[in-house]
Amino acid sequence: MTQTAAPSPLDRFPPTRAAGLERLRQFVPHAGADYARRRNFDLGRDRHEGVSQLSPWLRRRLVTEEEVLAAVLGRHSHRAAEKFVQEVVWRTYWKGWLELRPSVWTAYRAGLARALDRVATEEGLRRDWEAACRGETGIGAFDAWARELVETGYLHNHARMWVASIWIFTLRLPWELGADFFLRHLLDGDPASNTLSWRWVAGLQTRGKTYLARPSNIEKYTEGRFRPEGLAPAAPPPDGPPHPPVGPAPVSDAFDPAAPTGLLLTEEDLAPGFVFEAGARPRATAFLDCTAGLSPLMPAPHLRDHVRGAMEDTAARWGARLGPVTWLAGAEEIADWAAREGLAQIVTPWPCTGPAAEALAGTAVRRLVRPYDAAAWPHATHGFFRFRKRIPALLAQVKGLRAA
Ligand SMILES: Cc1cc2nc3c(=O)[nH]c(=O)nc-3n(C[C@H](O)[C@H](O)[C@H](O)COP(=O)(O)OP(=O)(O)OC[C@H]3O[C@@H](n4cnc5c(N)ncnc54)[C@H](O)[C@@H]3O)c2cc1C
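Residues numbered from 1 in each chain as written. Predicted model: local features only at pLDDT ≥ 70, side-chain atom pairs only at ≥ 80, totals over all residues. Heavy atoms only, no water.

K.L.:
Could you give an account of empty space enclosed by the protein, naming the residues involved and the relevant values?
P.N.:
Where empty space is left can be seen by rolling a probe of water-molecule size over the atoms. Summed over the entire model, instances satisfying the criterion amount to 3 cavities of 30 Å³ or more. There is about 60 Å³ of room inside the largest cavity. Lining the largest cavity are 13 residues; nearest its centre among them are Arg61, Asp269, Trp350, Cys352 and Asp373. Across the lining of the largest cavity, the residue classes tally to 6 nonpolar, no polar and 7 charged. Residue-level mapping places the lining of the largest cavity at the junction of two domains, with at least three residues from each of domain 1 (9-100 + 378-399) and domain 3 (261-368). (1 Å grid on protein atoms, 1.4 Å probe; cavity = no way out; pocket = protein on both sides within 12 Å on 5 of 7 lines; lining within 4 Å. Points joined across faces, edges and corners; volume = space filled by probe spheres on them. Nonpolar A, V, L, I, M, F, W, Y, C, P; charged D, E, K, R; others polar. Domains from an automatic or database assignment.)

Pasting the structure below:
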């Protein structure tokens, strides 16, 4: 008897814009009432039709938020698609929130380094952490989700909430180790959405409010697949420092459209159309993959393959506009590339807080903020409920926006 191999993460989420647009096309009819009714149900791998599963494409901007919102609002009224629109805007909000307070990422990295030091010296912690990452804790639901994450590169939002809660309050593992486990495996792993969601579950993001995974809730929203026993009955909020003060919102650096220009693309934003519209005419382009900087440990091979595939797709699609294409192994190669190509300046879509910003810190690249981000991020100063009041203004702008 021949066994069919399980689809790989790249089979499930091919790293091309065409595949992302096809997923969007299939999802759009369901973005209204269907999404509102089904979005909280995690029915198991290969049964996630209640949600869009667009996040790996959105993460690298093979498909942009504007395009997703425009497609959905082209088919549904805002009222009918309100839930879905709101979720897309959560991503925008988290990105803006972290851009206004980048030290929260630095603090996460420091906490992770301390937790990994403890893993190296505390045998019990090391054993429990390894068991959690392998899906061998004995909590059936948790173990199934840990394996789904490792094997598919995706988890339903509700499963992410349950896993994070069980990780922190039942297994009593440091939250930073869990956030790192996600970042090393999620195809959509994002410094903003991931770090701030883990902080939210842990009770650090909305002060005094934690998220407790309850067996009855899991049973209901997995349609009885799981009803785990032995989960923590309470999730006491921890002490933690207050949020850092809000910093300045990102603003595009000036550049000279007439000067010999290079374009630098990272996995943060593979939709360079807005850079061309801003007047940049690159004579050469370089791709820089910063994913190795997501974690002190090795990201899953599927993650690196997805980023590489997405970049190759971008190079192929925009070929004529890019000039000769170079693949950089690290930011330290930027200066040599610029000298070789005779570049007077290098422009890049805004490198968001995380590995891309870290890689480019100290270089002279000119960072350009996408109009959608420029319209939204400065308003991520307080909670989401205040931010979402901006949604109508943002949508008014989206309707006028062109393709990425
Ligand atoms: C602990 C934890 C960690 C998370 N880590 C990440 C991460 O690293 N990267 C990431 O993109 N999302 C993260 N999320 C948010 C959310 O779970 C995913 O965006 C969503 O599950 C992606 O699946 P989808 O595309 O099918 O979502 P859909 O429900 O179809 O939503 C459409 C899009 O809206 C955005 N979105 C939806 N829900 C959220 C949310 N709660 N926060 C931010 N954006 C959202 C995503 O871009 C998503 O593709 C995390 C959530 C939790 C609780």
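Next comes the rest of the account.
K.L.:
Pulling in residues and values, what's your account of the packing of aromatic side chains?
P.N.:
If you walk through the whole model with that rule in mind, you get 26 aromatic pairs. When the centroid spacing of 5.1 Å and the interplanar angle of 90° are considered together, the rings of Tyr35 and Phe84 count as edge-to-face. Taken together, the positions of Tyr35 in helix 3 (residues 33-38) and Phe84 in helix 6 (residues 82-100) put the pair 49 residues apart, joining distant regions of the chain. For the residue pair Tyr35 and Phe84, the accessibility class agrees, reading buried in each case. Both rings, one in Phe384 and one in Phe387, keep their centres 6.3 Å apart while their planes meet at 40°; by these two values the pair is tilted. Note that Phe384 and Phe387 are positioned in helix 19 (residues 384-387) at a spacing of 3 residues, about one turn of the helix. A residue is classified by how much of its surface remains accessible, and Phe387, at 2% relative accessible area, is buried. (Phe/Tyr/Trp six-rings, centres within 6.5 Å; stacked < 30°, edge-to-face > 60°. Helix = DSSP H or I, 4+ residues; strand = E, 2+ residues; numbered from the N terminus. Buried < 20%, exposed > 50% of the residue type's maximum accessible area, 1.4 Å probe, protein only.)

K.L.:
Requested: an account of the packing of helix 10 (residues 157-170) against helix 12 (residues 191-202), with residues and values cited.
P.N.:
One can describe the packing of helix 10 onto helix 12 by two numbers: an axis separation of 9 Å at closest approach and a directional angle of 55°. By the angle between their axes, helix 10 is oblique relative to helix 12. Handedness of the helix 10/helix 12 crossing: right-handed. Across the interface between the two elements, Met161, Ala164, Ser165, Trp167, Ile168 and Phe169 of helix 10 pack against Trp198, Trp200, Val201 and Ala202 of helix 12. Classifying every residue of the contact of helix 10 with helix 12 gives 9 nonpolar, 1 polar and no charged. (Axes fitted to C-alpha atoms, helices over the stretch in contact; angles between N-to-C directions. Parallel < 35°, antiparallel > 145°, perpendicular 65-115°, else oblique. Left-handed = near helix turned anticlockwise from the far one by under 90°. Contact = heavy atoms within 4.5 Å.)

K.L.:
Can you lay out helix 12 for me, pointing to particular residues and giving the numbers?
P.N.:
In a regular helix each residue adds 1.5 Å, so 12 residues correspond to 16 Å; helix 12 covers 16 Å between its end C-alpha atoms and thus fits that length. Buried residues in helix 12 make contact with helix 4 (55-60), helix 6, helix 7 (103-121), helix 10, helix 11 (175-185) and helix 17 (355-360). Directly beyond the C-terminal end of helix 12, a positive phi value near 90° is found at Gly203. (Expected span 1.5 Å × (residues − 1).)

K.L.:
Please set out a positive patch on the surface residue by residue, giving values where relevant.
P.N.:
A contiguous patch of positive charge, built from Lys83, Arg386, Arg388 and Lys389, is present on the exposed surface. Topologically, Lys83 is positioned in helix 6. (Patch = residues over 30% accessible without salt bridge, like charges linked within 9 Å, V, L, I, M, F, W, Y side chains within 5 Å. Areas by Shrake-Rupley, 256 points an atom, 1.4 Å probe, with all protein chains shown as cover. Salt bridge = Lys/Arg side-chain N within 4 Å of Asp/Glu carboxyl O. Lys, Arg positive; Asp, Glu negative; His and termini not counted. Charge placed at Lys NZ, Arg CZ, Asp CG, Glu CD.)

K.L.:
Could you give an account of the packing of helix 7 against helix 8 (residues 123-134), naming the residues involved and the relevant values?
P.N.:
The geometry of helix 7 relative to helix 8 is characterised by a closest axis approach of 6 Å and an angle of 110° between their N-to-C directions. The pairing of helix 7 with helix 8 is recorded here as roughly perpendicular in orientation. Contacts between helix 7 and helix 8 involve Ala115, Leu116, Arg118, Val119 and Thr121 from the first element and Glu123, Leu125, Arg126 and Trp129 from the second. The class makeup of the residues in the contact of helix 7 with helix 8 is 5 nonpolar, 1 polar and 3 charged.

K.L.:
Mind laying out the environment of Pro29, listing which residues take part and the relevant values?
P.N.:
By secondary structure assignment, the location of Pro29 is in the loop between helix 2 (17-27) and helix 3. Here the alpha-carbon distance between Pro29 and Ala71, two residues 42 residues apart in the chain, equals 9.9 Å.

K.L.:
Account for the domain arrangement of the protein, with residues named and values stated.
P.N.:
Interface size is commonly expressed as the accessible area that is lost once the parts come together. You can read the domains of the protein as domain 1 (9-100 + 378-399), domain 2 (110-221) and domain 3 (261-368). Here domain 1 and domain 2 have C-alpha centroids that lie 23 Å from each other. In this assembly, 20 residues from domain 1 lie in contact with 25 residues from domain 2. Carbon and sulfur atoms make up 59% of the area that domain 1 and domain 2 hide from each other, which totals about 2200 Å². Here domain 1 is connected to domain 2 by 3 salt bridges. Close ionic contact of Asp190 with Arg59 constitutes a salt bridge, the shortest N to O distance being 3.4 Å. Counting the contacts that link domain 1 with domain 2 gives 12 residue pairs in polar contact (both at pLDDT 80 or more). For the side of domain 1 that touches domain 2, the secondary structure elements donating two or more residues are helix 1 (9-12), helix 4 and helix 6. Element by element, the count of residues in the side of domain 1 that touches domain 2 is highest for helix 6, at 5 residues. (Buried area = accessible area lost by both parts, 1.4 Å probe. Polar contact = N/O pair within 3.5 Å; in protein donor to acceptor, adjacent residues only side chain to side chain.)

K.L.:
Explain the site of the ligand to me, and be specific about the residues and the numbers.
P.N.:
Lining the immediate surroundings of the ligand are 28 residues, of which Tyr35, Ser52, Gln53, Tyr154 and Asn157 lie closest. Tyr35 is positioned with one of its side-chain polar atoms (N or O) 2.6 Å from an oxygen atom of the ligand. Backbone polar atom of Asp190 to an oxygen atom of the ligand: 3.0 Å apart, as the coordinates give it. Within the complex, 96% of the 810 Å² of free accessible area of the ligand lies under protein. (Near = heavy atom within 4 Å.)

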